[in-house]
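A structural walkthrough
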Amino acid sequence: MKAKKKWYDYLWIFSLTYLILGFVNILFALLGMICFIAPLVISIGWGNKAYCNKFCGRGQLFSMLGGHFGLSRKKDMPKWMKSKYFRYGFLIFFFTMFFIMLWNTYLVFAGQRPLGQKIKLLWTFKVPWQWAYHGTIFSDGVAQFAFGFYSIMLTSTILGFLTMILFKPRSWCVYCPMGTMTQLICKAKHVTKSQTDAK
Amino acid sequence: MKRKAIVDTSMCAACGCCVKVCPMGAISVPHGVNAVIDETLCIGCGKCAKECPASIITLEEANHES
Ligand code: SF4
Ligand code: SF4
Ligand code: SF4
């Protein structure tokens, strides 16, 4: 009784390719903006979570690796991890780090700091990444943004991978900042809509 | 007595993992707020409960006569 696969069930290929391309040429990291913009546009424009529910390739990747490939223990995640405190806290932390990254990018744009050809993993460990940098036709700032953005994507993939192994395949989805944010947007939209409808 | 899936909506992340595995298409995430299970379609197979990363779906005996 398996449901027929739709085209969007293959978007995990996009996510996987994306991760690989970051090792080849860091500028490909800019493509990851799609994974930030698409869910926002869908939640703000349509007021639903179709991105998570249908299109997100990362979720598909985890569910495949953890499910079909059996890389997940499939145990319940600890209670604190699915609590609103942790989910909202992680969202705030994640975006604080995101804005710090933007600030660093700005400094490179403004010429106050040289381009750092490094990937920062888990917001702590700096990993040399110069092999994936072959110069840029844009300004150094663009390259800096690519390094910073890829750091975020790789870091969240690592976290998601760890919790996939420890808990359920798509455990990441419980505390994924994009998922939490789009759900908040949907909730806010829904509340205001039902209020105006009630009037 | 039949078993039906129940979602603890207060903890739901609206990720839709449950939607993808339900063989009956009984689950939806209306307005992106939380998962909702259509009791008339649910056959109590438990696939959603197993899949839910937050483990907030439980199977409960539903009173059929009502
Ligand atoms: S919660 Fe995050 S990883 Fe999961 S489906 Fe949504 S955007 Fe993708
Ligand atoms: S118990 Fe089975 S039929 Fe019922 S909602 Fe869950 S997956 Fe669907
Ligand atoms: S899988 Fe669990 S957390 Fe995700 S939408 Fe379904 S009930 Fe909610």
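To be clear, the structure that these remarks concern was listed above.
Please read these numbers as outputs of a predicted model, since none were measured by experiment.

Turning next to the interface of chain A and chain B. Of the residues lining the interface, 24 residues belong to chain A; the matching set on chain B comes to 21 residues. Between chain A and chain B lies a buried interface of about 2000 Å² when both sides are counted; carbon and sulfur atoms form 53% of it. In this assembly, chain A and chain B are joined by zero salt bridges. Across the chain A-chain B interface, the total number found is 14 residue pairs in polar contact (both at pLDDT 80 or more).

Our next topic: the site of ligand 1. Taken together, A:Tyr51, A:Cys52, A:Cys56, A:Arg58, A:Arg170, A:Trp172, A:Cys173, A:Cys176 and A:Gly179 make up the full set of residues adjacent to ligand 1. The class makeup of the residues in the shell around ligand 1 is six nonpolar, one polar and two charged.

Here the focus is helix α7 (residues 140–166) of chain A. Residue and element names in this part refer to chain A. For α7, with 27 residues, the first-to-last C-alpha span of 39 Å sits near the 39 Å given by 1.5 Å per residue. Burial analysis of α7 places 20 of its 27 residues in the buried class, the great majority of the element. A side-chain oxygen of the first residue of α7 lies 3.0 Å from the backbone nitrogen of Gly141; this N-cap is Ser139.

Turning our eyes to something else, we now look at a nonpolar patch on the surface. All names here are of chain A. Together, Leu16, Ile20, Phe23, Val24 and Trp131 make up a nonpolar patch on the protein surface, roughly 470 Å² of accessible area in all. Checked against the element boundaries, Val24 lands in helix α1 (residues 12–24). Classification of Val24 by relative accessible area gives partly exposed; the value is 44%.

Reading guide: rules and limits
- Residues numbered from 1 in each chain as written.
- Chains lettered and ligands numbered in written order.
- Predicted model: local features only at pLDDT ≥ 70, side-chain atom pairs only at ≥ 80, totals over all residues.
- Heavy atoms only, no water.
- Contact = heavy atoms within 4.5 Å.
- Buried area = accessible area lost by both parts, 1.4 Å probe.
- Salt bridge = Lys/Arg side-chain N within 4 Å of Asp/Glu carboxyl O.
- Polar contact = N/O pair within 3.5 Å; in protein donor to acceptor, adjacent residues only side chain to side chain.
- Near = heavy atom within 4 Å.
- Nonpolar A, V, L, I, M, F, W, Y, C, P; charged D, E, K, R; others polar.
- Helix = DSSP H or I, 4+ residues; strand = E, 2+ residues; numbered from the N terminus.
- Expected span 1.5 Å × (residues − 1).
- Buried < 20%, exposed > 50% of the residue type's maximum accessible area, 1.4 Å probe, protein only.
- Patch = residues over 30% accessible without salt bridge, like charges linked within 9 Å, V, L, I, M, F, W, Y side chains within 5 Å.
- Areas by Shrake-Rupley, 256 points an atom, 1.4 Å probe, with all protein chains shown as cover.

In short, the description is geometric, and any link to function would need to be established separately.
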